[in-house]
Amino acid sequence: MHTDLITFLLHMGDNTLILSQRNSEWCGHGPVLEQDIALTNIALDLLGQTRNFYQYAASLSGDGTTEDSLAYLRTVREYYNCLLVEQPNGDWGQTILRQFLFSAYQYPLYEKLKVHPDDTIAAIAAKALKEVTYHLRWSSEWVVRLGDGTPESHSRMIKALDNLWPYTGELFDPASYEQIAAIDSAILKTAWLDRVTAVLAEATLPLPGQTFMQSGGKKGLHSEHLDYLLAELQYLQRTYPGNEW
Amino acid sequence: MATTDMGELFQQKIDKEIKIEPRDWMPDAYRKTNLRQISQHAHSEIVGMLPEGNWISRAPTLKRKAILLAKVQDEAGHGLYLYSAAETLGMSRDQMVADLNNGKAKYSSIFNYPTLTWADMGAVGWLVDGAAILNQVMLCRTSYGPYARAMVRICKEESFHQRQGFEILLVLSKGSAAQKAMCQDAINRWWWPSLMMFGPKDSESTNSDQSIQWKIKRKTNDELRQQFIDMIAEQVKILGMTLPDDKLQWNPERKHYDFGEINWEEFWNVVKGNGPCNKQRLDARRKAHEEGAWVREAAKAHAAKRLAKVA
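Conventions adopted
- Residues numbered from 1 in each chain as written.
- Chains lettered and ligands numbered in written order.
- Predicted model: local features only at pLDDT ≥ 70, side-chain atom pairs only at ≥ 80, totals over all residues.
- Heavy atoms only, no water.
- Helix = DSSP H or I, 4+ residues; strand = E, 2+ residues; numbered from the N terminus.
- Rg over C-alpha atoms; globule rule 2.2 N^0.38 Å.
- Buried < 20%, exposed > 50% of the residue type's maximum accessible area, 1.4 Å probe, protein only.
- Contact = heavy atoms within 4.5 Å.
- Areas by Shrake-Rupley, 256 points an atom, 1.4 Å probe, with all protein chains shown as cover.
- Lys, Arg positive; Asp, Glu negative; His and termini not counted.
- Charge placed at Lys NZ, Arg CZ, Asp CG, Glu CD.
- Patch = residues over 30% accessible without salt bridge, like charges linked within 9 Å, V, L, I, M, F, W, Y side chains within 5 Å.
- Salt bridge = Lys/Arg side-chain N within 4 Å of Asp/Glu carboxyl O.
- Expected span 1.5 Å × (residues − 1).
- Bend = angle between axes of the 7 residues up to and from the residue.
- Polar contact = N/O pair within 3.5 Å; in protein donor to acceptor, adjacent residues only side chain to side chain.
- Buried area = accessible area lost by both parts, 1.4 Å probe.
- Core = buried A, V, L, I, M, F, W, Y, C linked by side-chain atoms within 4.5 Å.
- 1 Å grid on protein atoms, 1.4 Å probe; cavity = no way out; pocket = protein on both sides within 12 Å on 5 of 7 lines; lining within 4 Å.
- Points joined across faces, edges and corners; volume = space filled by probe spheres on them.
- Nonpolar A, V, L, I, M, F, W, Y, C, P; charged D, E, K, R; others polar.

Caption draft 1: A look at the overall build of chain B. Looking only at helices and strands, one finds 13 helices and two strands in chain B. Against the 2.2 N^0.38 benchmark of 19 Å for 311 residues, chain B shows a C-alpha radius of gyration of 21 Å, consistent with a compact globule. Taken over the C-alpha atoms alone, chain B extends approximately 70 × 55 × 35 Å along its principal axes. For chain B, with 311 residues in total, the buried portion stands at 54%. Considering only contacts in chain B between residues 6 or more positions apart, those separated by 24 or more positions represent 76%. Here chain B has roughly 14,300 Å² of accessible surface; of this, 55% comes from carbon and sulfur atoms. Considering chain B, the positive charge centre built from 44 side chains and the negative charge centre built from 38 side chains are found 7 Å apart.

Caption draft 2: A look at a nonpolar patch on the surface. On the surface, B:Met6, B:Leu9 and B:Trp25 cluster together into a nonpolar patch covering about 270 Å² of accessible area. Tracing the chain through its elements places B:Leu9 in helix α1 (residues 2-15).

Caption draft 3: Layout of helix α6 (residues 119-147) of chain A. Residues and elements named next belong to chain A. For α6, with 29 residues, the first-to-last C-alpha span of 40 Å sits near the 42 Å given by 1.5 Å per residue. Taking the largest bend as the criterion, α6 deviates by roughly 30°, centred on leucine 129. Its side-chain oxygen placed 2.9 Å from the backbone nitrogen of threonine 120, aspartate 118 serves as the N-cap of α6.

Caption draft 4: Representation of the interface of chain B and chain A within the structure. Across the contact, 46 residues belong to chain B and 48 residues belong to chain A. Between chain B and chain A, roughly 3,900 Å² of surface is buried when both sides are summed, and carbon and sulfur atoms account for 67% of that area. When the buried area of chain B at its contact with chain A is split by residue, B:Leu62, B:Gln73 and B:Trp294 rank highest and sum to 20% of it. Across the chain B-chain A interface, the total number found is two salt bridges. Here B:Lys305 makes a salt bridge to A:Asp148, at a shortest N to O gap of 3.5 Å. Connecting chain B to chain A are 18 residue pairs in polar contact (both at pLDDT 80 or more). Of the residues forming the side of chain B that touches chain A, the biggest block, 14 residues, is contributed by helix α4 (residues 62-87) of chain B.

Caption draft 5: The nonpolar core, seen in detail. Counting 167 residues, the largest nonpolar core has A:Trp92, A:Leu113, A:Val143 and B:Trp118 as the members making the most contacts within it. Here this core gets 14 residues from one element, more than from any other, and that element is helix α2 (residues 33-61) of chain A.

Caption draft 6: Main features of empty space enclosed by the protein. All names here are of chain A. This model, assessed by the stated rule, comprises one cavity of 30 Å³ or more. Each pocket or cavity is described by its volume, and for the largest cavity that value is around 60 Å³. Taken together, Glu170, Asp173, Pro174, Ala175, Ser215, Gly216, Gly217, Lys218 and Lys219 make up the lining of the largest cavity. The residue makeup of the lining of the largest cavity, split by class, is two nonpolar, three polar and four charged.

Next up, the structure:
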């Protein structure tokens, strides 16, 4: 049984690993070369954050667990990422919006965690905050550009909001292990909603109204998408167990 | 008359190792050759993202995944520098991309081969990047200034790529029986196509003589190919693997490795579009371009609106 601290670290690392994996699907296929590079940069940053969280979790486990055994040898029911990050890329607009909604959540979260009493968590958060500051700026600019661009881009962004909004509630519905973060989720939600409201307004996009919110990912209950993603991610380690790479 | 003088002056600059810059007078054929070569090189970087991008989602460790992502991203960056260098010769990036997508422009044929196993990430780094580097090191001294400067930046990153490719294979070569077999199989599949990267034999190459006189190239296809074979034939020993050529043998008189005949029929077939992945690579580029059209239009429309607000 994992301690709450380890489960919290896995949750944090799973969020960034799955989003990184999703973003990296664009590498070589982006709409503009410069933006292909930018999104790959974000994927790399998120992967780096994952490795920091997993390495810390592995050091606490002390039973031969490594960052790779955590990434490659857990099943779909042992992953604790939120549902938002595992949603398929869709078009560029949906990918951008997913990144924006998540970065806008990560930003206040890491701001709080960088003064966490656990020095390792605080250090990881402080480093990650610099990266997320850029991710948030970049994705905000793109939400505005696409929301306010052409009638087609505007309607694509509305569709992306419809698709993704139901997965945003879970971000602020804490799982039991999140008590480790010692953050009031209502405060996080206010910071997130303020940011989202302002950017959507600038993008001339309507803020979605009340809707039913999906949840479960943080407790290991995922959408059908995640296991396909893991099958691909884990393929080599599963096919050739115990080898060095 | 005036043109002849300009032509002589131009050749004198080349002979004195003075770089040719975008605003300098240059023979039309020099401009065209450079434009063709630099844009092909840029396209090769971009299409070259696809075979390696194929393994990003399946990289076997988080560290390998990070390295591969960074590597493919580097290639996108190289494409950017090279498109910028080519634009100085008077063609827009949009036009170059259009030429790639409509099949008019070429890119390196090597990327028309599939990456079938993880070991291919090693073989591509070691052999394909290794072959490319020999060409690129030479191009750091090419006579067209913007191209030479772009190549200096690119070479620094490429030598890192080659080392990490070799390192992937080195780990496999010390691994399980399945990993060793995977390593040898990748070398077998990539060896001959990487020799073809240097282009036709000097006796068959149409562009070589003039390019050497203008110092666009400084070594011939055959010279570079021999240099590559001599290097790889030694490095493969460290892996404890073999190259798939029973005629490969050190020749003490020539002080070079002798090697078997390249399958030029295969080479020309892939150049003409009949390689295993020609269609898939081009389709992937077209799809990215077409599906990105609405994004580019939206960005343009938004920029225009902002400009109007300011004005």
